[in-house]
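# Structural description and commentary
One letter stands for each residue in the lines below.
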Amino acid sequence: MTRIRVGAAARVLPVAVLALFGLLGCGKSDGKTASGVAANKGTATSAPADPVEDESAAPAKAAVDPCKLLTQQEAEKLAGTRLDSAQPIRETCTYTGPVSGPTAQVEIYVGDGAKKFLDIDRDLGHDLQPVSGIGDEAHLEDGTIFFSKSGTWVSIRLVRLNDPAENRKPLEEAARKAASRM
């Protein structure tokens, strides 16, 4: 004969009853959410699934392909070594060094991600130096240069195991080339 402890059954029974009522309530809908507010059932006030563009709206900016801003040869010159082919992912382009070494990588970010990268570095108190003659605005820190041209932000990040001061001029040159292609 199986014995059930009264204390355990007393704790499980209310949970089981609540679960049962919850399941029964799932099959029935009165058009209201748990808060009692009427749920939107596709009324005229809801947004269409595929909105039609407003002809009077400003045209969208043409997307900038980050892998077209620096060629592989230019990225290799910046890194000071041979790099693997470009790997584009959304608004980024990455040239990595071969696994056999040396350690090197060139990353190019375009758009909101590049601007966010700059904003985070500012918030962290990184030493950002203004640079003239590149786009509308440019800033350089150890290993990365940021610039804006016609409202589009770009960052070029260089990963190398050398003195970051050695990378200042090559980063500026790479940014000038990239800006000229926008």
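Let us look at the structure shown here. Treat the numbers as computed from the prediction; the structure is a model and nothing was measured.

Before going further, it helps to examine the environment of Val-131. Relative to the elements of secondary structure, Val-131 occurs in the loop between strand E4 (129-130) and strand E5 (137-141). For the pair Val-131 and Ile-145, spaced 14 residues apart in sequence, the C-alpha separation works out to 8.9 Å. Setting aside anything within four residues of it in sequence, one finds Val-131 in contact with Ala-138, His-139, Leu-140, Ile-145 and Glu-172.

Our focus in this paragraph is the environment of Met-182. As for its placement among the helices and strands, Met-182 is situated in the segment after helix H4 (168-180). Separated by 117 residues in the primary sequence, Met-182 and Asp-65 place their C-alpha atoms 9.2 Å from one another. When neighbours within four sequence positions are excluded, Met-182 is seen to be in contact with Val-64, Leu-69, Phe-147, Lys-149, Thr-152 and Val-154.

Time to look at H4. If you check H4, its first and last C-alpha atoms are 19 Å apart, about what 13 residues at 1.5 Å a residue would give, namely 18 Å. Every buried residue belonging to H4 is among Leu-171, Glu-172, Ala-174, Ala-175, Ala-178 and Ala-179, and all of these are buried. Along the long axis of H4, the arc covered by the buried residues comes to 165 degrees, so they all point the same way. Residues of H4 that are exposed and point over 90 degrees away from its buried face: Lys-169 and Ser-180.

Further remarks concern the state of the cysteines. Simply put, disulfide is the name for a covalent bond between the sulfur atoms of two cysteines. Evaluated as defined, the whole model comprises one disulfide. The disulfide that involves Cys-67 links it to Cys-93, with 2.1 Å between the sulfurs. Here the S-S torsion is close to 105 degrees, and the disulfide linking Cys-67 with Cys-93 is therefore right-handed. Residue Cys-67 is found in the loop between helix H1 (6-26) and helix H2 (72-79), and its partner Cys-93 is found in strand E2 (residues 92-96); the two are separated by 26 residues along the sequence. Judged by relative accessible area, which is 18%, Cys-67 ranks as buried.

Among the five residues of E5, four are classified as buried, and the element is accordingly described as predominantly covered. Two strands pair when backbone bridges link them, and E4 and E5 are joined in this way by two bridges, in the antiparallel orientation. What sits directly across from Pro-130, in E5, is His-139. The hairpin formed by E4 and E5 contains six residues between the paired strands, and Gly-133 there has a positive phi angle of roughly 85 degrees. Inspection of the sheet shows E5 paired to strand E6 (residues 144-149) by five bridges, in the antiparallel sense. Paired with His-139 across the strands is Phe-146, a residue of E6. The antiparallel pairing of E5 with E6 creates a hairpin that spans two residues between the two strands, and Gly-143 there sits at a positive phi of about 85 degrees.

Calculation notes
- Residues numbered from 1 in each chain as written.
- Predicted model: local features only at pLDDT ≥ 70, side-chain atom pairs only at ≥ 80, totals over all residues.
- Heavy atoms only, no water.
- Helix = DSSP H or I, 4+ residues; strand = E, 2+ residues; numbered from the N terminus.
- Contact = heavy atoms within 4.5 Å.
- Expected span 1.5 Å × (residues − 1).
- Buried < 20%, exposed > 50% of the residue type's maximum accessible area, 1.4 Å probe, protein only.
- Arc of directions from axis to C-beta.
- Disulfide = S-S within 2.5 Å.
- Pairing = 2+ DSSP bridges.

Purely geometric stuff here, so don't read any function into it on its own.
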